[in-house]
Amino acid sequence: MRNTRVTAIAVAAFMLILPLSMVVSAHEDEGTPIMITVPDGADEGATMDCAVFFADNMVYGPQWRIGNFVRIEMLVIDMTGYSAPEEIWTSDIELFDDYQKQAVDGDGNLIFDEFGVPVMVYDGLAQQAAIMTDSINILPKTRMVSVSYIEVTMTMDTLDEPEVFKAGWDPETGDKVIGDELGREVNKAGHVIYGMLWDTTGLDEGTYTVSVRLGAAVEDEFGEWTGVIGQWYSVDFAIAHFYIGEGLLNDPDHPFVNLVSDKSDPVYVDYKIGIGNVTDDGVAWIELGDLIPQGSGGGNSEDSGGSHGENGGGNGDHELGQNGNGRRR
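Conventions used here
- Residues numbered from 1 in each chain as written.
- Predicted model: local features only at pLDDT ≥ 70, side-chain atom pairs only at ≥ 80, totals over all residues.
- Heavy atoms only, no water.
- Helix = DSSP H or I, 4+ residues; strand = E, 2+ residues; numbered from the N terminus.
- Buried < 20%, exposed > 50% of the residue type's maximum accessible area, 1.4 Å probe, protein only.
- Contact = heavy atoms within 4.5 Å.
- Areas by Shrake-Rupley, 256 points an atom, 1.4 Å probe, with all protein chains shown as cover.
- Patch = residues over 30% accessible without salt bridge, like charges linked within 9 Å, V, L, I, M, F, W, Y side chains within 5 Å.
- Salt bridge = Lys/Arg side-chain N within 4 Å of Asp/Glu carboxyl O.
- Lys, Arg positive; Asp, Glu negative; His and termini not counted.
- Charge placed at Lys NZ, Arg CZ, Asp CG, Glu CD.
- Phe/Tyr/Trp six-rings, centres within 6.5 Å; stacked < 30°, edge-to-face > 60°.
- Lys NZ or Arg CZ within 6 Å of the ring centre and 35° of its normal.
- Pairing = 2+ DSSP bridges.
- Expected span 1.5 Å × (residues − 1).
- Bend = angle between axes of the 7 residues up to and from the residue.
- Polar contact = N/O pair within 3.5 Å; in protein donor to acceptor, adjacent residues only side chain to side chain.

Enquirer: Run through the overall build of the protein chain, naming residues and quoting values.
Expert: The number of helices and strands found in the protein chain is three helices and 24 strands. A burial count over the protein chain gives 50% of its 329 residues as buried. Partitioning the contacts of the protein chain with sequence separation of at least 6, the portion at a separation of at least 24 is 68%. Of the accessible surface of the protein chain, which amounts to about 14700 Å², a share of 48% is contributed by carbon and sulfur atoms.

Here it is as C-alpha coordinates:
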(Lines give C-alpha, C1' and ligand atoms only; values in the text may rest on other atoms or scores of the structure.)
Protein backbone atom coordinates (compact mmCIF):
# COMPACT_ATOMS: atom_id res chain seq x y z
CA MET A 1 0.00 0.00 0.00
CA ARG A 2 1.44 3.36 -0.98
CA ASN A 3 2.14 5.74 1.90
CA THR A 4 -0.07 8.82 1.95
CA ARG A 5 0.38 12.25 3.48
CA VAL A 6 -2.52 13.02 5.75
CA THR A 7 -3.80 16.32 7.10
CA ALA A 8 -5.62 16.33 10.42
CA ILE A 9 -8.95 18.07 10.12
CA ALA A 10 -11.85 18.69 12.45
CA VAL A 11 -14.82 16.94 10.94
CA ALA A 12 -17.83 16.16 12.67
CA ALA A 13 -18.60 13.09 14.58
CA PHE A 14 -20.01 12.03 17.85
CA MET A 15 -21.06 8.70 19.26
CA LEU A 16 -24.64 8.17 20.32
CA ILE A 17 -24.64 5.51 23.02
CA LEU A 18 -27.92 3.61 22.96
CA PRO A 19 -29.27 0.70 25.02
CA LEU A 20 -27.50 -2.60 24.44
CA SER A 21 -30.37 -3.82 22.28
CA MET A 22 -29.63 -1.02 19.81
CA VAL A 23 -26.62 -0.08 17.70
CA VAL A 24 -23.95 2.53 18.22
CA SER A 25 -23.90 5.03 15.37
CA ALA A 26 -21.65 7.92 14.45
CA HIS A 27 -22.83 11.14 12.82
CA GLU A 28 -21.20 14.26 11.54
CA ASP A 29 -20.99 17.10 14.03
CA GLU A 30 -18.38 19.82 14.40
CA GLY A 31 -15.59 19.12 16.85
CA THR A 32 -14.11 15.62 16.56
CA PRO A 33 -11.04 15.39 14.30
CA ILE A 34 -10.86 13.00 11.39
CA MET A 35 -8.11 13.14 8.81
CA ILE A 36 -8.41 13.86 5.08
CA THR A 37 -6.51 11.43 2.86
CA VAL A 38 -4.18 13.40 0.59
CA PRO A 39 -2.07 11.54 -1.99
CA ASP A 40 1.70 11.83 -2.03
CA GLY A 41 2.73 14.51 -4.48
CA ALA A 42 -0.65 16.24 -4.37
CA ASP A 43 1.09 19.64 -4.46
CA GLU A 44 2.53 18.66 -7.83
CA GLY A 45 -0.81 17.46 -9.16
CA ALA A 46 -0.58 13.77 -8.25
CA THR A 47 -3.82 11.86 -7.72
CA MET A 48 -4.76 8.65 -5.91
CA ASP A 49 -6.44 5.86 -7.88
CA CYS A 50 -9.77 5.10 -6.20
CA ALA A 51 -12.76 2.79 -6.39
CA VAL A 52 -16.27 3.90 -5.43
CA PHE A 53 -18.09 1.08 -3.65
CA PHE A 54 -21.90 1.21 -3.83
CA ALA A 55 -23.90 -0.26 -0.93
CA ASP A 56 -25.85 -3.49 -1.35
CA ASN A 57 -29.27 -1.84 -1.35
CA MET A 58 -28.23 0.30 -4.33
CA VAL A 59 -26.83 -2.67 -6.23
CA TYR A 60 -29.37 -5.38 -5.47
CA GLY A 61 -32.54 -3.44 -4.62
CA PRO A 62 -34.84 -4.16 -7.60
CA GLN A 63 -37.48 -1.48 -6.99
CA TRP A 64 -38.24 1.60 -4.89
CA ARG A 65 -41.58 3.29 -4.20
CA ILE A 66 -42.15 6.93 -5.08
CA GLY A 67 -42.62 9.05 -1.97
CA ASN A 68 -40.19 7.07 0.19
CA PHE A 69 -36.55 7.68 0.97
CA VAL A 70 -33.82 5.73 -0.84
CA ARG A 71 -30.54 5.17 0.94
CA ILE A 72 -27.64 6.48 -1.14
CA GLU A 73 -24.40 5.12 0.34
CA MET A 74 -20.83 4.90 -0.87
CA LEU A 75 -17.37 4.00 0.38
CA VAL A 76 -14.13 5.12 -1.32
CA ILE A 77 -11.20 2.69 -1.51
CA ASP A 78 -7.56 3.42 -2.37
CA MET A 79 -6.65 1.28 -5.39
CA THR A 80 -2.93 2.12 -5.41
CA GLY A 81 -1.06 -1.00 -6.56
CA TYR A 82 -4.26 -2.88 -7.40
CA SER A 83 -5.38 -3.47 -10.98
CA ALA A 84 -8.83 -4.89 -10.23
CA PRO A 85 -11.33 -4.88 -7.34
CA GLU A 86 -10.99 -8.66 -7.01
CA GLU A 87 -7.53 -7.98 -5.54
CA ILE A 88 -8.85 -5.96 -2.59
CA TRP A 89 -8.68 -7.81 0.70
CA THR A 90 -11.41 -7.54 3.33
CA SER A 91 -8.54 -6.89 5.74
CA ASP A 92 -7.72 -3.74 3.74
CA ILE A 93 -10.97 -2.29 5.08
CA GLU A 94 -11.51 -4.13 8.37
CA LEU A 95 -8.52 -4.44 10.70
CA PHE A 96 -9.33 -7.86 12.13
CA ASP A 97 -6.00 -8.33 13.88
CA ASP A 98 -6.53 -5.12 15.86
CA TYR A 99 -10.29 -5.20 16.41
CA GLN A 100 -11.90 -8.54 17.18
CA LYS A 101 -14.20 -10.15 19.70
CA GLN A 102 -15.38 -13.66 20.50
CA ALA A 103 -18.29 -14.86 18.40
CA VAL A 104 -21.63 -15.67 20.02
CA ASP A 105 -24.60 -17.67 18.82
CA GLY A 106 -28.20 -16.55 18.52
CA ASP A 107 -28.75 -17.09 22.24
CA GLY A 108 -25.73 -15.04 23.25
CA ASN A 109 -23.53 -18.03 24.10
CA LEU A 110 -19.82 -17.88 23.30
CA ILE A 111 -18.76 -20.02 20.32
CA PHE A 112 -15.74 -22.35 20.38
CA ASP A 113 -14.32 -24.50 17.60
CA GLU A 114 -13.99 -28.29 17.78
CA PHE A 115 -10.74 -27.94 19.72
CA GLY A 116 -12.22 -25.62 22.32
CA VAL A 117 -10.56 -22.51 20.89
CA PRO A 118 -12.69 -19.33 20.94
CA VAL A 119 -14.02 -18.31 17.51
CA MET A 120 -13.12 -14.68 16.91
CA VAL A 121 -14.91 -12.24 14.60
CA TYR A 122 -14.23 -8.68 13.44
CA ASP A 123 -15.44 -5.98 15.86
CA GLY A 124 -16.69 -3.06 13.77
CA LEU A 125 -17.74 -0.99 16.79
CA ALA A 126 -14.20 -1.12 18.17
CA GLN A 127 -12.75 0.03 14.84
CA GLN A 128 -15.42 2.74 14.64
CA ALA A 129 -14.39 4.10 18.04
CA ALA A 130 -10.68 3.93 17.18
CA ILE A 131 -11.09 5.85 13.91
CA MET A 132 -13.24 8.49 15.56
CA THR A 133 -10.77 9.08 18.38
CA ASP A 134 -7.47 8.64 16.50
CA SER A 135 -8.18 8.75 12.76
CA ILE A 136 -4.79 10.18 11.82
CA ASN A 137 -3.11 6.98 13.05
CA ILE A 138 -5.83 4.39 12.46
CA LEU A 139 -7.40 5.30 9.12
CA PRO A 140 -4.12 5.16 7.11
CA LYS A 141 -3.81 1.50 8.16
CA THR A 142 -6.86 0.83 6.00
CA ARG A 143 -7.46 1.56 2.34
CA MET A 144 -10.54 3.63 3.11
CA VAL A 145 -10.24 7.16 1.71
CA SER A 146 -11.47 10.22 3.59
CA VAL A 147 -12.06 12.62 0.70
CA SER A 148 -12.11 16.42 0.75
CA TYR A 149 -15.01 16.74 -1.72
CA ILE A 150 -17.72 14.44 -3.06
CA GLU A 151 -20.57 15.12 -5.48
CA VAL A 152 -23.57 12.84 -6.07
CA THR A 153 -25.90 13.39 -9.04
CA MET A 154 -29.28 11.79 -9.80
CA THR A 155 -30.35 11.70 -13.45
CA MET A 156 -33.29 10.35 -15.43
CA ASP A 157 -34.65 11.11 -18.89
CA THR A 158 -37.75 12.90 -17.63
CA LEU A 159 -35.95 15.17 -15.15
CA ASP A 160 -35.75 18.80 -16.28
CA GLU A 161 -32.33 18.96 -14.66
CA PRO A 162 -30.25 16.56 -12.55
CA GLU A 163 -30.44 16.65 -8.77
CA VAL A 164 -26.97 17.35 -7.39
CA PHE A 165 -25.81 16.89 -3.79
CA LYS A 166 -22.38 18.07 -2.64
CA ALA A 167 -20.17 17.86 0.45
CA GLY A 168 -16.77 19.37 1.07
CA TRP A 169 -14.41 19.87 4.00
CA ASP A 170 -11.70 22.50 4.51
CA PRO A 171 -8.43 20.54 4.66
CA GLU A 172 -6.88 23.11 7.00
CA THR A 173 -9.56 23.83 9.59
CA GLY A 174 -11.81 20.82 9.23
CA ASP A 175 -14.98 22.85 8.85
CA LYS A 176 -17.65 21.47 6.54
CA VAL A 177 -17.70 24.23 3.96
CA ILE A 178 -19.83 22.78 1.16
CA GLY A 179 -23.29 21.22 1.32
CA ASP A 180 -25.69 20.17 4.03
CA GLU A 181 -27.62 17.28 2.46
CA LEU A 182 -24.84 14.78 1.83
CA GLY A 183 -23.04 13.51 4.92
CA ARG A 184 -20.09 11.45 6.10
CA GLU A 185 -19.76 9.16 9.09
CA VAL A 186 -17.86 6.27 10.59
CA ASN A 187 -20.59 3.67 10.85
CA LYS A 188 -21.06 0.75 13.23
CA ALA A 189 -19.11 -1.51 10.85
CA GLY A 190 -16.07 0.75 11.26
CA HIS A 191 -16.31 2.09 7.71
CA VAL A 192 -15.88 5.71 6.59
CA ILE A 193 -18.92 6.21 4.38
CA TYR A 194 -20.72 8.97 2.49
CA GLY A 195 -24.46 9.03 2.13
CA MET A 196 -27.91 10.48 2.56
CA LEU A 197 -31.58 9.65 2.33
CA TRP A 198 -32.87 10.68 -1.08
CA ASP A 199 -36.45 11.95 -0.96
CA THR A 200 -38.33 10.62 -4.01
CA THR A 201 -41.56 12.55 -3.34
CA GLY A 202 -43.04 13.90 -6.55
CA LEU A 203 -40.59 12.20 -8.88
CA ASP A 204 -41.58 10.35 -12.05
CA GLU A 205 -41.39 6.58 -12.14
CA GLY A 206 -38.48 5.07 -14.01
CA THR A 207 -34.84 4.07 -13.68
CA TYR A 208 -32.53 6.66 -12.14
CA THR A 209 -28.75 6.79 -12.43
CA VAL A 210 -26.56 7.79 -9.50
CA SER A 211 -23.20 9.32 -10.45
CA VAL A 212 -20.31 10.03 -8.05
CA ARG A 213 -17.43 12.46 -8.57
CA LEU A 214 -14.51 13.11 -6.22
CA GLY A 215 -12.25 16.09 -5.74
CA ALA A 216 -10.79 18.65 -3.35
CA ALA A 217 -12.51 21.54 -1.60
CA VAL A 218 -10.78 24.77 -2.59
CA GLU A 219 -11.25 28.32 -1.27
CA ASP A 220 -10.90 31.32 -3.60
CA GLU A 221 -9.63 34.80 -2.76
CA PHE A 222 -13.15 35.90 -1.81
CA GLY A 223 -13.61 33.13 0.75
CA GLU A 224 -15.96 31.09 -1.46
CA TRP A 225 -15.53 27.32 -1.49
CA THR A 226 -15.91 25.06 -4.52
CA GLY A 227 -15.14 21.43 -5.26
CA VAL A 228 -12.49 20.82 -7.89
CA ILE A 229 -13.39 17.50 -9.53
CA GLY A 230 -10.42 15.24 -10.22
CA GLN A 231 -8.06 17.02 -7.84
CA TRP A 232 -6.35 14.57 -5.43
CA TYR A 233 -8.52 11.57 -6.41
CA SER A 234 -9.00 9.66 -9.65
CA VAL A 235 -12.10 7.45 -9.92
CA ASP A 236 -11.05 4.29 -11.75
CA PHE A 237 -13.55 1.65 -10.59
CA ALA A 238 -17.23 1.34 -9.69
CA ILE A 239 -17.57 -1.74 -7.51
CA ALA A 240 -19.91 -3.78 -5.33
CA HIS A 241 -20.03 -6.91 -3.21
CA PHE A 242 -20.10 -10.08 -5.31
CA TYR A 243 -22.82 -12.44 -4.07
CA ILE A 244 -23.26 -15.85 -5.66
CA GLY A 245 -26.30 -16.69 -3.56
CA GLU A 246 -28.56 -15.24 -0.93
CA GLY A 247 -26.12 -13.48 1.41
CA LEU A 248 -23.23 -15.71 0.23
CA LEU A 249 -20.12 -13.88 -0.96
CA ASN A 250 -18.14 -15.33 -3.83
CA ASP A 251 -14.94 -14.91 -1.79
CA PRO A 252 -15.19 -13.41 1.73
CA ASP A 253 -11.48 -12.53 1.69
CA HIS A 254 -11.86 -10.68 -1.65
CA PRO A 255 -15.52 -9.63 -1.66
CA PHE A 256 -15.55 -6.96 -4.41
CA VAL A 257 -16.21 -6.99 -8.14
CA ASN A 258 -16.67 -4.42 -10.91
CA LEU A 259 -20.17 -3.34 -11.83
CA VAL A 260 -21.04 -4.17 -15.43
CA SER A 261 -22.59 -1.95 -18.08
CA ASP A 262 -23.77 -4.74 -20.39
CA LYS A 263 -26.83 -6.79 -19.36
CA SER A 264 -25.53 -9.69 -21.43
CA ASP A 265 -22.46 -9.92 -19.19
CA PRO A 266 -22.48 -13.32 -17.41
CA VAL A 267 -21.91 -11.65 -14.03
CA TYR A 268 -25.17 -9.75 -14.51
CA VAL A 269 -27.06 -12.67 -16.04
CA ASP A 270 -26.00 -15.20 -13.40
CA TYR A 271 -25.67 -13.08 -10.28
CA LYS A 272 -27.65 -9.88 -11.00
CA ILE A 273 -24.68 -7.63 -10.20
CA GLY A 274 -25.61 -3.97 -10.65
CA ILE A 275 -25.50 -2.08 -13.93
CA GLY A 276 -22.81 0.60 -13.70
CA ASN A 277 -19.31 1.60 -14.71
CA VAL A 278 -16.84 4.50 -14.78
CA THR A 279 -16.96 7.09 -17.56
CA ASP A 280 -13.90 8.19 -19.51
CA ASP A 281 -13.78 11.38 -17.45
CA GLY A 282 -13.78 9.54 -14.12
CA VAL A 283 -17.37 9.39 -12.95
CA ALA A 284 -18.56 6.26 -11.13
CA TRP A 285 -22.22 5.48 -11.87
CA ILE A 286 -24.89 2.91 -11.09
CA GLU A 287 -28.49 2.39 -12.15
CA LEU A 288 -30.87 2.10 -9.22
CA GLY A 289 -33.75 -0.33 -9.28
CA ASP A 290 -36.91 1.10 -10.84
CA LEU A 291 -38.76 3.82 -8.97
CA ILE A 292 -42.40 2.71 -9.02
CA PRO A 293 -45.73 4.09 -7.74
CA GLN A 294 -46.89 3.39 -4.20
CA GLY A 295 -48.66 0.08 -3.70
CA SER A 296 -46.93 -1.74 -6.56
CA GLY A 297 -44.57 -3.83 -4.45
CA GLY A 298 -40.81 -3.69 -4.47
CA GLY A 299 -38.22 -2.41 -2.01
CA ASN A 300 -39.30 -0.24 0.89
CA SER A 301 -36.49 2.29 0.51
CA GLU A 302 -35.46 3.50 3.94
CA ASP A 303 -36.34 0.34 5.80
CA SER A 304 -35.39 -2.43 3.41
CA GLY A 305 -33.42 -3.06 0.28
CA GLY A 306 -33.41 -5.85 -2.24
CA SER A 307 -32.00 -9.04 -0.82
CA HIS A 308 -28.95 -9.54 -3.01
CA GLY A 309 -30.73 -9.56 -6.36
CA GLU A 310 -33.79 -11.48 -5.28
CA ASN A 311 -37.31 -10.13 -4.81
CA GLY A 312 -37.75 -6.66 -3.33
CA GLY A 313 -38.62 -6.07 0.27
CA GLY A 314 -35.83 -8.26 1.60
CA ASN A 315 -33.08 -7.28 3.97
CA GLY A 316 -30.32 -5.60 1.99
CA ASP A 317 -27.17 -5.33 4.09
CA HIS A 318 -27.29 -1.55 4.64
CA GLU A 319 -23.91 -2.17 6.23
CA LEU A 320 -22.75 1.26 5.25
CA GLY A 321 -25.31 3.29 7.19
CA GLN A 322 -25.88 6.91 6.23
CA ASN A 323 -26.40 10.40 7.47
CA GLY A 324 -27.69 13.52 5.80
CA ASN A 325 -30.98 14.05 4.06
CA GLY A 326 -31.12 14.51 0.30
CA ARG A 327 -34.36 16.39 0.08
CA ARG A 328 -35.68 17.61 -3.23
CA ARG A 329 -35.37 21.33 -3.77
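Enquirer: Hey, could you go over a negative patch on the surface for me, with residue numbers and the actual values?
Expert: On the surface, D160, E161, D204, E205 and D290 cluster together into a negatively charged patch. With respect to the helices and strands, E161 occurs in the loop between β10 (149-155) and β11 (163-169).

Enquirer: Kindly report on the environment of V119, identifying the contributing residues and their values.
Expert: Tracing the backbone through its elements, the reader meets V119 in the loop between β8 (100-102) and β9 (120-122). For V119, a relative accessible area of 29% corresponds to the partly exposed category. Placed 15 residues apart in sequence, V119 and V104 show a C-alpha to C-alpha distance of 8.4 Å.

Enquirer: Break down the packing of aromatic side chains for me, citing the residues and quoting the values.
Expert: Per the stated rule, a full pass over the model turns up five aromatic pairs. When the centroid spacing of 6.3 Å and the interplanar angle of 85 degrees are considered together, the rings of W232 and Y233 count as edge-to-face. Here W232 matches Y233 in class, with each residue buried. One cation-aromatic arrangement involves R143 over Y82; the distance from NZ or CZ to the ring centre is 4.1 Å. Looking at R184, its charged tip hangs above the ring of W169, at a distance of 3.7 Å from the centre.

Enquirer: Requested: an account of the pattern of salt bridges, with residues and values cited.
Expert: Any two side chains of opposite charge can pair, given that their charged atoms come close. Evaluated as defined, the whole model comprises two salt bridges. For the salt bridge of R71 with E73, the shortest nitrogen-to-oxygen distance reads 3.9 Å. Of the two residues, R71 and E73, both sit in the buried class.

Enquirer: Talk me through the pairing of strand β5 (residues 48-54); I want residue IDs and the actual numbers.
Expert: Along β5, six of the seven residues are buried, which leaves the element largely enclosed by surrounding structure. Bridge analysis of β5 against strand β17 (residues 233-241) gives six bridges, and the strand direction is parallel. Paired with V52 across the two strands is A238, which belongs to β17. Pairing between β5 and strand β7 (residues 69-78): five bridges, direction antiparallel. For F53, the partnering residue across the bridge sits in β7 and is L75.

Enquirer: With reference to specific residues and values, describe helix α2 (residues 124-138).
Expert: Between its first and last C-alpha atoms α2 spans 13 Å; for 15 residues at 1.5 Å apiece the expected length is 21 Å, and the helix comes up short by more than 12%. At M132, α2 shows its maximal bend, which comes to roughly 75 degrees. Every buried residue of α2 is accounted for by G124, Q127, Q128, A130, I131, M132, S135 and I138. Measuring from the backbone nitrogen of L125 back to the side-chain oxygen at the start of α2 gives 3.2 Å, which picks out D123 as the cap.

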